[in-house]
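Coordinates in review
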Protein chains: 2
Amino acid sequence: MTLNTMPGHLIRRLHQHSTQVFQQRMKAAGLDLTPVQFAAMGAVKDTPGIDQASIAAAIAYDRATIGGVIDRLISKGWVARNVSKRDRRAREVFLTDKGAQVFAEVLPLVAALQDDVLTGLSDAERAQFCALAQKVSDAFEAG
Amino acid sequence: MTLNTMPGHLIRRLHQHSTQVFQQRMKAAGLDLTPVQFAAMGAVKDTPGIDQASIAAAIAYDRATIGGVIDRLISKGWVARNVSKRDRRAREVFLTDKGAQVFAEVLPLVAALQDDVLTGLSDAERAQFCALAQKVSDAFEAG
DNA sequence: CAGAAATTGTATGTGTGCATATTAGTAGGC
DNA sequence: GCCTACTAATATGCACACATACAATTTCTG
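- Under an unreviewed UniProt entry, the name given to chain A is Transcriptional regulator HosA, and the source organism is Tropicibacter naphthalenivorans.

1. Section: the interface of chain A and chain B
- Contact residues are listed per partner, giving 47 residues for chain A and 47 residues for chain B.
- In total, about 4,800 Å² of surface goes out of reach between chain A and chain B, with carbon and sulfur atoms giving 70% of it.
- In this assembly, chain A and chain B are joined by four salt bridges.
- Across the salt bridge formed by E141 of chain A and R13 of chain B, the nearest N and O atoms sit 2.9 Å from each other.
- Contributions of two or more residues to the side of chain A that touches chain B are made by α1 (7-28), α2 (35-46), α5 (97-117) and α6 (123-142) of chain A.
- Of the residues assigned to the side of chain A that touches chain B, the class counts are 26 nonpolar, 15 polar and six charged.

2. Quick look at the nonpolar core
- Residues I55 of chain A together with I55 of chain B are the most contacted members of the largest nonpolar core, which totals 84 residues.
- Among all residues touching I55 of chain A, those that are not within four sequence positions of it are A40, A43, V44, I50, I66, I70 and V93 of chain A.

3. A short note on the relation of the copies chain A and chain B
- For the pair chain A and chain B, the relating rotation is 180°, the translation along its axis is 0.0 Å, and the fit reaches an RMSD of 0.1 Å. Those values place the two copies in the arrangement expected of a two-fold rotation axis.

4. Some words on the protein's contact with DNA strand D
- Of all residues adjacent to DNA strand D, which total 24 residues, the nearest are T34, Y61 and R72 of chain A together with A53 and R89 of chain B.
- Of what DNA strand D places within 4 Å of the protein, 77% of the atoms are sugar or phosphate.
- Note that a phosphate oxygen of DNA strand D is positioned 2.8 Å from one of the backbone N or O atoms of Q52 of chain B.
- Elements supplying a minimum of two residues to the surface near DNA strand D: α2 and α4 (63-75) of chain A together with α1 (7-28), α3 (52-59) and α4 (63-75) of chain B.
- Per-element tally for the surface near DNA strand D: the top contributor is α4 of chain A, with four residues.

5. What about the side chain of S84 of chain B?
Residue and element names in this part refer to chain B.
- Considering the arrangement of structural elements, one finds S84 in the loop between β1 (79-83) and β2 (91-95).
- Residue class for S84 comes out buried when judged on its relative accessible area of 3%.
- In terms of polar contacts, S84 uses its side chain to reach the backbone amide nitrogen of R86, at 3.2 Å.
- A distance of 3.2 Å separates a polar side-chain atom of S84 from the backbone nitrogen of D87.
- In this structure, S84 is in contact with A90, R91 and E92, ignoring residues within four places of it in sequence.

6. So, the pattern of salt bridges
Residue and element names in this part refer to chain A.
- Applying the stated rule across the entire model yields 18 salt bridges over all chains.
- We note a salt bridge from D32 to K76, for which the minimum N-O separation is 3.2 Å. One end of the pair, D32, is in the loop between α1 and α2; the other, K76, is in the loop between α4 and β1 (79-83), and 44 residues separate them in sequence.
- Ionic pairing is found between R126 and D123, a salt bridge with its closest N-O pair at 2.5 Å. One end of the pair is R126 and the other is D123, both in helix α6 and three residues apart, which spans about a single turn.
- What makes D123 exposed here is its relative accessible area of 59%.
- Salt bridges sharing partners connect three or more residues here, namely D115, D123 and R126.

7. Here's the deal with the environment of E92 of chain B
Residues and elements named next belong to chain B.
- Assignment of secondary structure puts E92 in strand β2.
- Residue E92 is classed as buried on the basis of its relative accessible area of 17%.
- Taking C-alpha positions, E92 is 8.0 Å from P48, a pair spaced 44 residues apart along the chain.
- If we skip the residues at most four places from it in the chain, E92 touches G49, I50, A80, R81, N82, S84 and R86.
- Of the polar contacts made by the side chain of E92, one reaches the side chain of R86; its length is 3.5 Å.

8. Description of the packing of aromatic side chains
- Summed over the entire model, instances satisfying the criterion amount to five aromatic pairs over all chains.
- With 5.3 Å between their ring centres and 15° between their planes, F38 of chain A and F103 of chain A make a pair best called stacked. Residue F38 of chain A is found in helix α2, and its partner F103 of chain A is found in helix α5; the two are separated by 65 residues along the sequence. Each member of the pair, F38 of chain A together with F103 of chain A, is buried.
- Here the aromatic rings of F129 of chain A and F129 of chain B are separated by 5.2 Å at their centres, their planes lie at 25°, and the arrangement is stacked. Taken together, the positions of F129 of chain A in helix α6 and F129 of chain B in helix α6 (residues 123-142) put the pair across two chains. Across the pair, F129 of chain B and F129 of chain A agree in class, each one buried.
- Three or more aromatic residues link up through ring pairs in this structure, and these residues are F22, F38 and F103 of chain A.
- The residue whose ring lies beneath K76 of chain A is W78 of chain A, and the NZ or CZ to ring-centre distance is 5.6 Å.

Parameters and conventions
- Residues numbered from 1 in each chain as written.
- Chains lettered and ligands numbered in written order.
- Predicted model: local features only at pLDDT ≥ 70, side-chain atom pairs only at ≥ 80, totals over all residues.
- Heavy atoms only, no water.
- Contact = heavy atoms within 4.5 Å.
- Buried area = accessible area lost by both parts, 1.4 Å probe.
- Salt bridge = Lys/Arg side-chain N within 4 Å of Asp/Glu carboxyl O.
- Helix = DSSP H or I, 4+ residues; strand = E, 2+ residues; numbered from the N terminus.
- Nonpolar A, V, L, I, M, F, W, Y, C, P; charged D, E, K, R; others polar.
- Core = buried A, V, L, I, M, F, W, Y, C linked by side-chain atoms within 4.5 Å.
- Buried < 20%, exposed > 50% of the residue type's maximum accessible area, 1.4 Å probe, protein only.
- Least-squares fit on C-alpha atoms with pLDDT ≥ 70 in both.
- Near = heavy atom within 4 Å.
- Polar contact = N/O pair within 3.5 Å; in protein donor to acceptor, adjacent residues only side chain to side chain.
- Phe/Tyr/Trp six-rings, centres within 6.5 Å; stacked < 30°, edge-to-face > 60°.
- Lys NZ or Arg CZ within 6 Å of the ring centre and 35° of its normal.

Right, here's the structure in full:
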C-alpha cells in the first residue's frame, strides 16, 4: 500500500514520536506527567481559576476528557478544584504551590525537548515545518 | 504560554484534524472504519495470512493494540483469523470477501481525503510538508 | 418573570496506545 | 533429547479521545 506517502499516516507517526520523546524526557526527570496534563497545567497557570470548559477550549481538547485529566492532576496534588460562586455549574481550577513548583521545573524541559521532536531536520527545516503546520492548524481552527 | 509555537502541540493538532477528517469521510460514506482499522486491513491485503505481530510492525502499532483492532474487524465480518499450522502461537489473518470489497471501496476515499488533511496548503506546500514529515519519520525509525 | 435555549460538568460506551506480566509454543546449543 | 532463550498472543491497567446523553444551572427572550 501507499500508506507511507499518506499525510495522515505521516502525521500519526510524528505524533507517536512526539509523545514518546515527551514521556522519555519526563521519565528521565523522574516526573509522571503526560503531554495533556502539561498543557492543562499551562492553561491553569495562565488563567488561575479557569473552568474546565475553558481549559478544554484553550488547549483544544474535549470537555469530557479534561474532567479525567484534572482528576488525575488533583490526585497528584498539583491542582485544586472548587465550585464557582458566580456559576454553580462551573469548577474553578488552580495550581497548588506544589503544582506551580512542578510546572516551573518542567517548562524548560518541555521547551528544550521540542527540537528533539523534529529529529533529523536542520534549524531552517524545523522552522519551515512549524510554519506549514501552523498554517494547517489555523485553517483547521477557522473552518 | 507558548504552547502554540511548540512542534509537539502543532503535531497533536494536525493529528486531531487528520483523524477528524477521516472519521467524517467514513461517516459520510456510511462506513464505520477507523484509521487504524484501515491501515490494518491494508497490511492484511498486502500480505494475506500475515500474523498480528507483523501487522503491528508494518503499520507501526503496538502488538497489544492490534489484537483488539483485529477483534473489531472480525466482529464486523471483514477479516478472519485462524491459528497457523506452522507456528501454533501465531494467528494468520485474512480479508473476507466482504472485507476485500469494503477495502476496495474505501481505498480511493482515503486517498482522496489526504489532500483535505493538509487544508490551507498549496500543492507545493503539501509536497514540502510531506518531505519534511517523511524525513522526521525516517530519523525516528532509524534511531 | 416564565419558558426556552444554552452551558457546565459528569456518566457511559467505544476505540486507541502503550507498558508490563503471563501463557503457550518454537528454536538453538549442548 | 533437554534446557534456555526467544517469540506470539493475550490479559491487565492506565491515560487519553471523543460522541452522546443527562442533570443542574444560567441566560436569553418574549
